[in-house]
Amino acid sequence: MIAIVDDDVSVREALTSLVRSLGHAVVAFGRAEDLLTSDRRRDLCCVIADVQMPGMTGPELHARLAASGEPVPTILITAYPDEAARERALRVGVACYLAKPFGEDELLACLRSVLGDCAKDGQGT
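Below: a short report on this structure. Remember, it's a predicted structure, so these values are computed and weren't measured experimentally. (Residues numbered from 1 in each chain as written. Predicted model: local features only at pLDDT ≥ 70, side-chain atom pairs only at ≥ 80, totals over all residues. Heavy atoms only, no water.)

The residue sitting at the N-terminus of helix H4 (residues 83–91) and contributing the capping side-chain oxygen is Asp82; that oxygen lies 2.8 Å from the backbone nitrogen of Ala84. Backbone geometry just after H4 places Gly93 at a positive phi near 105°. (Polar contact = N/O pair within 3.5 Å; in protein donor to acceptor, adjacent residues only side chain to side chain. Helix = DSSP H or I, 4+ residues; strand = E, 2+ residues; numbered from the N terminus.)

Here it is in structure tokens:
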């Protein structure tokens, strides 16, 4: 199961459609807080989250998941790329950091990397 977390409905719907077309189960959220309180959280193999959202940001979501003792590989996406923010995110364990608009191939490469790790951990989509 892959979670999409983005406050922009059009981006959330497009990503959900794309990831489903690649054959993965998807659950979508408009807010990071909604993912954290979801019963589906334990089923997650990957989170794709926007960096800038009202309330909790994508990096804050990643930190909360990592601190929970049940970390989930995270791919961050942003319309406002910042090299320093990218380096910080990767340093704290974010799997990929993609600048919008990104290509399907870029996202697919990140997912393959993350899902390969997930499969090794005995989880799956």
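Once you've had a look at it, read on.
Our focus in this paragraph is helix H3 (residues 58–67). Within H3, burial applies to Gly58, Leu61, His62 and Leu65. Along the axis of H3, the buried positions cluster into a sector of 100°, meaning they face one direction only. Buried residues along H3 sit against strand S1 (2–5), helix H2 (32–36), strand S3 (46–50) and strand S4 (74–78). Trailing H3 by a residue or two, Gly69 shows a phi angle of about 90°, which is positive. (Buried < 20%, exposed > 50% of the residue type's maximum accessible area, 1.4 Å probe, protein only. Arc of directions from axis to C-beta. Contact = heavy atoms within 4.5 Å.)

Per the stated rule, a full pass over the model turns up 1 disulfide. Across a sulfur-sulfur distance of 2.3 Å, Cys96 and Cys110 are joined as a disulfide pair. On the sign convention where negative means left-handed, the S-S torsion of about -115° between Cys96 and Cys110 marks this disulfide as left-handed. Placement of the pair is Cys96 in strand S5 (residues 96–99) and Cys110 in helix H5 (residues 104–120), with a sequence separation of 14 residues. Grouping residues by exposure puts Cys96 and Cys110 together as buried. The thiol of Cys46 is not disulfide-bonded; the next cysteine sulfur, from Cys45, is found 7.0 Å away. Judged by relative accessible area, which is 0%, Cys46 ranks as buried. (Disulfide = S-S within 2.5 Å.)

Look at the link from Lys100 to Pro101: it is a cis peptide, with omega at -5°. For Pro101, the position within the fold is in the loop between S5 and H5.

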